[in-house]
Amino acid sequence: MIVAPTHIPVMLPRVLGLLAPALADRPATVVDATLGLGGHAEALLSAHPQLMVVGLDRDGEALEASRRRLAGYADRLRLVHAVYDEMPQVLTDLGLERVEGVLFDLGVSSLQLDEARRGFAYAQDAPLDMRMDGSQALTAAAVVNEYSPAELIRILREFGEERFAGRIVDALVRERRRGRLDSSARLAELVRDAIPAATRRTGGHPAKRTFQALRIEVNGELAALRAALPAAIDALALGGRLVVMSYQSLEDRLVKRALAAGAASRTPVDLPVELPEHGPTLRLLTRGAERADDAELRANPRATSVRLRAVERVAS
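Residue numbers restart at each chain and count upward from 1, following the sequence in its written direction. In keeping with the predicted nature of the model, local features appear solely for residues at pLDDT of at least 70, side-chain atom pairs appear and are counted solely at 80 or more, and the whole-chain, interface and lining totals rest on all residues. Only hydrogens and water are removed before side-chain values are computed, so all heavy atoms of the structure are retained for them.

Participant: Can you help me understand the sheet that holds strand E2 (residues 51-57) in this one?
Facilitator: What links the strands of a sheet is backbone hydrogen bonding, and the strands pair in either a parallel or an antiparallel sense. The strand order across the open sheet built from 7 strands is E3-E2-E1-E4-E5-E7-E6, with neighbouring strands paired in mixed fashion. Since the sheet does not close on itself, it has two edges, and those belong to strand E3 (77-81) and strand E6 (282-284), each with one partner. Ignoring strand direction, the axes of neighbouring strands in this sheet form an average angle of 15 degrees. Here strand E4 (residues 99-105) pairs with strand E5 (residues 236-246) via 6 bridges, running parallel. Two strands form a pair only when DSSP identifies at least two bridges running between them. Each helix is a run of H or I in the DSSP string that is no shorter than four residues. Each strand is a run of E no shorter than two, and both are numbered from the N terminus. As a rule, the C-alpha atoms of each element are fitted with a line to give its axis, helices using only the stretch in contact, and angles between N-to-C directions run from 0 to 180 degrees.

What follows is the structure, given as structure tokens:
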């Protein structure tokens, strides 16, 4: 039995406030597309007595922890083992055409970070796993040991924005000639030693970008997000709201572009009036990306890198 670690939902009051106008005093449905340990879902269910939450997560352990946490709301809860890009099929299976809210809290969950054996944290030694869904085949160890040097360089540059990708991969290739690399601590050590000393003194842990890149590759995170964002927008009823919290620039860039596209007019620029059928389908609810305030950062350091964006569906 997995015991859930202490979990503080990120930017909870702001999330509740943004979703409330679409949910208050009426029957409504919210898709929590990244259920995790259920903190946001619990607060939403408590605040809105007529609300049903559809909770998705690819992590079976997280789903089980949330099932226990949310047992008091079982009659208003539907939990599904799925990745968020599977949302259209999930909604079809549940007989739901539209929903009033969708929430994404992207990145690694508290459960995954705090369970050292999952291999997500570079500060603790563990097997190189990094699977959000323990039933899938691909692991970080397979990527590190079996991908070609060119593939590894591409992954570190594209998913980690790592400018020393070549040096790091050279070190990995030398290491795997001596034997299989299966330790997260050893990987972190190799990355640290491959990066110039002057660079190691700034910008946080030297292995942060490499671990991020491997995690994204193992879990197909960016591809899933690209598919999930338009699906979430399409699922919103008129007046429905979408809130997305991302934790690194690659995710936030995808979110920003998808929401901005929906909030832009499609009327040809040379026409003097807005064509109703070409008007925006979304209204931006945030000016740029919102960040956690100082009080939250003191209470919950994991909110440090969060970027929150939100929209309302205003046209079909």
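Participant: When you look at the side chain of Thr 34 in this model, what are you seeing that I'm missing?
Facilitator: The topology assignment puts Thr 34 in the loop between strand E1 (28-32) and helix H2 (39-47). Accessibility here uses a 1.4 Å probe with only protein chains present; expressed as a share of the type maximum, an area under 20% marks a residue as buried, one over 50% as exposed, and anything in between as partly exposed. Owing to a relative accessible area of 15%, Thr 34 belongs among the buried residues under this scheme. A polar atom in the side chain of Thr 34 sits 2.6 Å from the backbone nitrogen of Asp 105. Residue contacts are counted whenever heavy atoms from the two residues lie within 4.5 Å of one another. The residues touching Thr 34, leaving out its near neighbours within four places in the chain, are Leu 56, Asp 57, Tyr 84, Leu 103, Phe 104, Asp 105 and Leu 106. Whenever two N or O atoms come within 3.5 Å, that pair is a polar contact, provided that in protein one can donate a hydrogen and the other can accept it, and provided that, for residues adjacent in sequence, both atoms are side-chain atoms.

Participant: Quick question: what am I supposed to make of the packing of aromatic side chains here?
Facilitator: To describe a pair of aromatic rings, one takes the distance between the centres and the angle between the planes. In this analysis, rings of Phe, Tyr and Trp, with Trp reduced to its six-membered ring, are considered paired at centre separations within 6.5 Å, and the interplanar angle assigns stacked below 30 degrees, edge-to-face beyond 60, and tilted for intermediate values. Under the definition given, this model contains 1 aromatic pair. Here Tyr 84 and Phe 104 contribute two aromatic rings whose centre-to-centre distance is 5.6 Å and whose plane-to-plane angle is 80 degrees, an arrangement assigned as edge-to-face. Residue Tyr 84 is located in the loop between E3 and helix H4 (87-93), and its partner Phe 104 is located in strand E4; the two are separated by 20 residues in the primary sequence. For the pair Tyr 84 and Phe 104, a shared accessibility class is recorded, and that class is buried.

Participant: Help me understand the confidence of the model for the chain, please; the structure alone is not making it clear to me.
Facilitator: Predicted coordinates in areas of low pLDDT are best not read in detail. Note: pLDDT gives the predictor's confidence per residue, expressed from 0 to 100. A residue-level look at the chain finds 90% of positions with pLDDT of 70 or above and a mean pLDDT of 91. Low confidence marks residues 1-5, where pLDDT is under 50. Its contacts with residues over four positions away, or in another chain, come to 13 contacts.

Participant: What is the right way to read helix H9 (residues 184-194) from this model?
Facilitator: Residues separated by three or four positions in an α-helix point in the same direction, a consequence of the helix having 3.6 residues per turn. Those residues of H9 that fall on the buried side of the exposure criterion are Ser 184, Leu 187, Ala 188, Leu 190, Val 191 and Ala 194. Within H9, the buried residues cover an arc of 160 degrees as seen down the axis, which keeps them to one side. Packing partners of the buried residues in H9 comprise helix H8 (165-178) and helix H11 (208-219). Its side-chain oxygen placed 3.3 Å from the backbone nitrogen of Ala 185, Ser 183 serves as the N-cap of H9. The reported arc concerns the directions from the helix axis to the C-beta atoms and nothing else.

Participant: Looking at this model, I keep getting lost on the nonpolar core. Mind explaining?
Facilitator: Across soluble globular proteins, nonpolar side chains have a tendency to be buried as a group. Counting 64 residues, the largest nonpolar core has Val 31, Met 87, Val 102, Phe 104 and Leu 242 as its most contacted members. Element by element, the count of residues in this core is highest for helix H12 (residues 221-235), at 8 residues. Among residues more than four places away in sequence, those in contact with Met 87 are Val 31, Ala 33, Leu 56, Val 102, Phe 104 and Ala 232. Counting 29 residues, the second largest nonpolar core, distinct from the first, contains Met 11, Val 30, Leu 44 and Met 245. Here, nonpolar core means buried Ala, Val, Leu, Ile, Met, Phe, Trp, Tyr and Cys residues that are tied together by side-chain atoms lying within 4.5 Å of each other.

Participant: Would you take a moment to explain the packing of H8 against H9 for this structure?
Facilitator: When two helices pack together, you describe them by how their axes are tilted relative to each other and by the distance separating the axes. It is at 9 Å that the axes of H8 and H9 come closest, and there the two elements cross at 135 degrees. The orientation of H8 relative to H9 falls into the category oblique. Where H8 crosses over H9, the handedness of that crossing is right-handed. Mapping the contact onto sequence places Arg 167, Ile 168, Ala 171, Leu 172, Glu 175 and Arg 178 in H8 and Arg 186, Leu 187, Leu 190, Val 191 and Ala 194 in H9. Note on terminology: angles under 35 degrees are roughly parallel, angles over 145 are roughly antiparallel, angles of 65 to 115 are roughly perpendicular, and the others are oblique. Helix crossings are classified by the rotation of the near helix relative to the far one: an anticlockwise turn of less than a right angle makes the crossing left-handed, while a clockwise turn makes it right-handed.

Participant: Honestly, the pattern of salt bridges in this entry has me stumped. Any pointers?
Facilitator: Side chains bearing opposite charge may pair, as long as their charged atoms lie close to each other. Salt bridge criterion: a side-chain nitrogen from Lys or Arg within 4 Å of a carboxyl oxygen from Asp or Glu. All chains considered together, the criterion is met by 18 salt bridges. Here Asp 193 ties to Arg 192 by a salt bridge, and the two come within 3.4 Å at their closest N and O atoms. Since its relative accessible area comes to 36%, Arg 192 is described here as partly exposed. Among the ionic pairs, Arg 309 bridges to Asp 252, the shortest N-O distance being 2.8 Å. Remark: Asp 252 occurs in helix H13 (residues 249-262) and Arg 309 occurs in strand E7 (residues 307-313); sequence separation between them is 57 residues. Its relative accessible area of 11% is what places Arg 309 among the buried residues. Connected through salt bridges with shared partners, the residues Glu 175, Arg 178, Arg 186 and Glu 189 form a single ionic network.

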